[in-house]
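This is what each chain is made of:
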Amino acid sequence: MGDISVTQPTSMLRRLFCWPSQNISLAIFAALIIGFGIGLGLDTTPLKRFVLPLTFVIIYPSMIGFRFKEIFGKSHGQLLALAMLVNFTLVPAVAYLLGTVFLADYPQLFAGLAIAALLPTSNMTISFTMLSGGNVPASVKMTAIGLLLGSVLAPWYLYIMVGRFVPVDVLATMQTVGIVILTPLVLGMLTYRYLRQKYPPEFFQEQIKPLLPAVSAWGVVAVIILSISMNAQAMVSRPDILVRALAVQLAFYAANYVIAVLLGRRFFPAKDALALLYSIVLHNLSISIGLAAAAFGPDAALMVSLAILIQGQAAAWFVKLNQRYGILGKRKALADGQV
C-alpha cells in the first residue's frame, strides 16, 4: 500500500504537469480567457519584465537534445531548398502585403504578424509530419535550418518590413534574438551533453524527454496570460483591433496552405509534400510571442497569440482532410531519389 500511496499522487502530478502540452489548443484558449479576465480587473503592465525570462523557459527545454549534425548532409536537398526559399521569400511577402494593406495604422499588430512569419518551423512541424505519415528526417532538417536562419535574418527582415511603420532597433532586436534563441540553444546542447555523460540514453528518453514539452507549454501559457492581460483594456475599448487581427491571421494562414499545397502537389511525392507543407504553415510561435512582447509590446503579442490559436487547429484539421481526400496524395518523386 505504501508504494501505491506514493505512486498515485506522483502519477497524477505528472499528468497535470503534462496536460498543457498534450492539450495545447485547449490550454491556449484557456490562457486567452484567463488573461483577458485578469486584465479587465488588474493592471499587469509592470509584469512585462517577466516576459523575456519566461520566453527563455519556453525555448530552453526544446533545445535539449538538439544536434547540429541534423542540419548537415546532402539528403533531401531539393525539398530543403524549396522550403527555405518559400519561408524566406513568399511567406514574408504575404505577411508584408497583408500588413501594408490592412495593418498600416496598427504598427504593433503588423510587427506581430511579421515576427510570426519570419520564424518558420517548430517542434510541431516534426510532430504533425509524423502524425500525417510524412518525411520525418527531412522535417527535422528543415526545422533545424529554419530556426537558425530565422534567428539570423529576422531582425533585418523586420527592419525592412515594418521599419517605416514602427521603429526597429536592429541591434537591440538581435540582442533579444540572441537571448531568446541562441543562448537557450547553446545551454540546451551543453545540458544534453551533461545528461548523456551522467545517465544512460534510456533514462533521458523515458524520464526526462517526455517532460520537456510540458515545461515549454507552461511557459507559453504564462506568456499568453501576461500578454493578453496587458492588452485586455485595449481590446474592450477597441474591439475592431481583435476582429481585424483575427481576420488578417486567418488570411495569412489560408495563403500559407494554398502555397504549400500547390507546390507540394506540383513537385514532390506525398511524404515529401507533407513535410514541405508543415515546414511552411507551422511557425515557431513560442519564440515569436516572447520576442513580440519583449521587442514591440502587447498588441504585437496579441497578434501572435491569435496565430497560436489558429495554427494548431488548422494543422490538426489538415491531417484529417488529407487522410480523407488525399489532398497531397499521389505524386511522382523528383530525381533526387526521395520516396
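In case you missed it, the structure is sitting above this.
The residue numbers shown here count from 1 along each chain, following its written sequence. It should be noted that, the model being predicted, local features are given only for residues of pLDDT at least 70 and side-chain atom pairs only at 80 or more, the latter also being counted only at that level, while totals for whole chains, interfaces and linings use all residues. To get the side-chain values, take all heavy atoms of the structure and skip hydrogens and water.

(A) Region of the structure containing helix α7 (residues 136–162). Bend, at a single residue, is the angle you get between axes fitted to the 7 residues ending at that residue and the 7 residues starting at it. Under the scheme used here, helices are H or I runs from DSSP no shorter than 4 residues and strands are E runs no shorter than 2 residues, and both carry numbers assigned from the N terminus. Within α7, the axis deviates most sharply at L153, by approximately 45°, and proline P155 lies no more than four positions further along. For this analysis, a polar contact is any N or O atom pair within 3.5 Å, provided that within protein one partner can donate a hydrogen and the other can accept it, and provided that sequence-adjacent residues contribute only side-chain to side-chain pairs. Between the side-chain oxygen at the start of α7 and the backbone nitrogen of A138 there is a gap of 3.1 Å, and the oxygen is on N135.

(B) Seen up close, the nonpolar core. In plain words, nonpolar cores are sets of buried Ala, Val, Leu, Ile, Met, Phe, Trp, Tyr and Cys residues tied together by side-chain atoms within 4.5 Å. Relative accessibility thresholds used throughout: buried, under 20% of the residue-type maximum; exposed, over 50%; partly exposed, between the two (1.4 Å probe, protein chains only). Ranked by size, the top nonpolar core spans 91 residues in total, and within it I224, F252, L277 and Y278 carry the most contacts. Among the elements that take part in this core, helix α14 (residues 298–325) stands out by supplying 12 residues, more than any other. If near-sequence neighbours (up to four positions away) are discounted, I224 is found in contact with I28, A31, L32, I289, S305 and I308. In what follows, a contact means two residues having at least one pair of non-hydrogen atoms within 4.5 Å.

(C) Seen up close, the environment of I115. Looking at the secondary structure, you find I115 in helix α5 (residues 107–118). Look at I115 and you get buried, because its relative accessible area is 1%. Residues I115 and N284, 169 residues apart in the sequence, show an inter-C-alpha distance of 9.4 Å. For I115, the contacting residues outside a window of four places in its chain are L158, S288, L291, A292 and F296.

(D) Layout of helix α4 (residues 77–102). By definition here, a helix of n residues has an expected span of 1.5 Å times n minus one. In this model, α4 (26 residues) spans 37 Å end to end at C-alpha, consistent with the 38 Å of a helix rising 1.5 Å per residue. At V86, α4 is deflected by roughly 35°, the largest bend along its length.

(E) Up close: the packing of α5 against helix α11 (residues 239–267). At a closest axis distance of 11 Å, the pairing of α5 and α11 adopts a crossing angle of 25°. Between α5 and α11, the angle is such that the two are roughly parallel. Crossing of α5 against α11: the hand is right-handed. Between α5 and α11, the contacting residues are L109, L113 and A117 on the first element and I241, A245, V248, Q249 and F252 on the second. Only C-alpha atoms enter the line fits that serve as axes; for helices the fit covers just the stretch in contact. Angles between N-to-C directions range over 0 to 180 degrees. Oblique is the label for any angle not under 35 degrees, not over 145, and not in the 65 to 115 range, which are roughly parallel, roughly antiparallel and roughly perpendicular in turn. Handedness of each helix crossing follows the sense of rotation of the near helix against the far helix: counterclockwise by less than a right angle gives left-handed, clockwise gives right-handed.

None of the figures reported here should be taken as evidence of function without further support.
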